[in-house]
Amino acid sequence: MKEYNITIVATNNPKIIKLEANHFLVKGNYEYKNIDEAKNSPLAQQLFYLPFIKTVYIASNFIALERFDIVDWQDVKDDVAQQLVEYLNAGEPIVNEDQDLKKQPVSVYAEVTPNPAVMKFVCNKRIVPAVFEFKNIDEAKESPLAKALFHFPFVKEVFFDENYVSVTKYEVADWEEINMQLREFIRDFLGDGKEVVSAEAIQKTKETVTENNTQSQYDDTSKQIIDILEEYVKPAVASDGGNIMFQSYEEASGTVSVILQGACSGCPSSTFTLKNGIETMLKNMMGDKVREVVALNG
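Not measured: the values here are computed from a predicted model.

(A) Here's a closer look at the overall build of the protein. A count of helices and strands for the protein gives seven helices and 13 strands. The buried share among the 298 residues of the protein stands at 47%. For the protein, contacts bridging at least 24 residues in sequence account for 60% of all contacts bridging at least 6. Put simply, the protein shows about 15600 Å² of open surface, and 48% of that area lies on carbon and sulfur atoms.

(B) Here's a closer look at the layout of surface pockets. Considered as a void within the structure, the second largest pocket measures approximately 470 Å³ in volume. Asn 13, Glu 66, Ala 110, Asn 179 and Met 180 are, among the 21 residues lining the second largest pocket, the residues nearest its centre. Among the elements that line the lining of the second largest pocket, the one with the most residues is helix H4 (residues 175–191), at seven residues. Three or more residues apiece are contributed to the lining of the second largest pocket by two domains, here domain 1 (6–90) and domain 2 (108–199).

(C) Quick look at the packing of aromatic side chains. Per the stated rule, a full pass over the model turns up eight aromatic pairs. Ring centres of Phe 52 and Trp 73 lie 6.0 Å apart, and the angle between their planes is 90°; this geometry places the pair in the edge-to-face category. Highlighted residues: Phe 52 in the loop between helix H1 (42–48) and strand S4 (53–58) and Trp 73 in helix H2 (residues 73–89), separated in sequence by 21 residues. Just as Phe 52 is buried, Trp 73 falls in that class too. By way of ring pairs, the aromatic residues Phe 152, Phe 154, Phe 185 and Phe 189 are connected into one cluster. In this structure, Lys 18 packs its charged tip against the face of Phe 62, placed 4.5 Å from the ring centre. If you follow Lys 120 out to its NZ or CZ, it ends over the ring of Tyr 164, 4.5 Å from the centre.

(D) Examining the sheet that holds strand S7 (residues 118–123) more closely. Ordered in space as S6-S7-S10-S9-S8, the five strands form an open sheet in which the pairing is antiparallel. The outermost strands of the open sheet, each flanked by one partner alone, are strand S6 (108–112) and strand S8 (132–134). Between one strand axis and the next, the sheet turns through 20° on average, direction left out of account. Taken together, the five bridges between S6 and S7 define a ladder with antiparallel strand orientation. Counterpart to Tyr 109 in the pairing with S7 is Val 122. Strands S6, S7, strand S9 (155–161) and strand S10 (164–169) of the sheet are contacted by H4, whose axis makes an angle of about 30° with S7.

(E) Region of the structure containing helix H6 (residues 220–239). For H6, which comprises 20 residues, the first-to-last C-alpha distance of 29 Å matches the rise-based estimate of 28 Å (1.5 Å per residue) to within 8%. Where H6 bends most, the angle comes to about 50°, and this point is Val 233, followed within four residues by the proline Pro 235. For H6, the side-chain oxygen to backbone nitrogen distance between the N-cap and Thr 221 is 3.2 Å, and the N-cap itself is Asp 219. Directly after H6, the chain includes Gly 241, whose backbone phi takes a positive value near 90°.

(F) Quick look at the environment of Ala 110. In this structure, Ala 110 sits in strand S6. C-alpha separation for the pair Ala 110 and Tyr 164, spaced 54 residues apart in sequence, amounts to 9.4 Å. Beyond its immediate chain neighbours, meaning those up to four positions away, Ala 110 contacts Asn 13, Met 119, Lys 120, Phe 121, Asn 179 and Arg 183.

(G) Inspection of the nonpolar core at higher detail. Judged by nonpolar contacts, the single largest core of 34 residues is most densely connected at Phe 121, Phe 132, Leu 149, Phe 160, Val 165, Leu 182 and Leu 190. Within the residue set of this core, elements represented by two or more residues are S6, S7, S8, helix H3 (144–149), S9, S10, H4 and helix H5 (199–214). Ignoring sequence-local partners within four residues, the contact set of Leu 182 consists of Phe 121, Leu 149, Phe 152, Phe 154, Val 155, Val 167 and Trp 175. Membership of the second largest hydrophobic core comes to 32 residues, among which are Ala 44, Val 56, Val 76 and Tyr 87.

Thresholds, definitions, all that
Residues numbered from 1 in each chain as written. Predicted model: local features only at pLDDT ≥ 70, side-chain atom pairs only at ≥ 80, totals over all residues. Heavy atoms only, no water. Helix = DSSP H or I, 4+ residues; strand = E, 2+ residues; numbered from the N terminus. Buried < 20%, exposed > 50% of the residue type's maximum accessible area, 1.4 Å probe, protein only. Contact = heavy atoms within 4.5 Å. Areas by Shrake-Rupley, 256 points an atom, 1.4 Å probe, with all protein chains shown as cover. 1 Å grid on protein atoms, 1.4 Å probe; cavity = no way out; pocket = protein on both sides within 12 Å on 5 of 7 lines; lining within 4 Å. Points joined across faces, edges and corners; volume = space filled by probe spheres on them. Domains from an automatic or database assignment. Phe/Tyr/Trp six-rings, centres within 6.5 Å; stacked < 30°, edge-to-face > 60°. Lys NZ or Arg CZ within 6 Å of the ring centre and 35° of its normal. Pairing = 2+ DSSP bridges. Axes fitted to C-alpha atoms, helices over the stretch in contact; angles between N-to-C directions. Expected span 1.5 Å × (residues − 1). Bend = angle between axes of the 7 residues up to and from the residue. Polar contact = N/O pair within 3.5 Å; in protein donor to acceptor, adjacent residues only side chain to side chain. Core = buried A, V, L, I, M, F, W, Y, C linked by side-chain atoms within 4.5 Å.

As structure tokens, this is what we get:
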């Protein structure tokens, strides 16, 4: 019999935590707002007996829980994780899945980012195979979702990565007023099975990535820098709703140029992160080959 372990993972939304399992949980993706909606999930029903549980998300290898304000996760998360471990190891059912049941809606939750103008909308499924950024509706002609989002007058830019959408807003609107509207729109769009990015655009991106990976225009130092950015920097930047790409390296001046996208583009704290994080790391790992890192907003 499988022995389940649970890892507690914090998110950028203080009201939501992820409980990652070491074994597969369910085939589909499920979101429950209350105990009545959770009729086909004995596990979700059990969780709703906890008075502070607002929403339950169940995906293939994790459970995400949104709380009411009556508690802080710091006070109860360990007890919730222990309760979940005991439930799973007792062999109790998670979701009574039936292939004939109507497809469950996609789960989407919002996470704040270091950039106050950007909100990250995280999905419980992979939505794109690569990074896509759209600065305006003209650039979004090959992305039905981005084009639809630009019809909201307060949407300034749209950025996609594997399982999330980062939306940059104009100052005319506050997140408190538009957060739920955007979240529900994205959830319904994905739940209807609509195309996020056209197959043609995806193929073009794959060809570009393949071409860049096979080109030998980079010197050994540039290749080392790219490897460091890919391994150490990109995962952290992605968790904040953005992306970083290597642009160039000038040996004479020791200057590394990078492109910032998504939430990192125009972020007030990006300069601090760049100088005190990325630049310091490259200097420590590359020695005097790197003297400065400069950023170009994507």
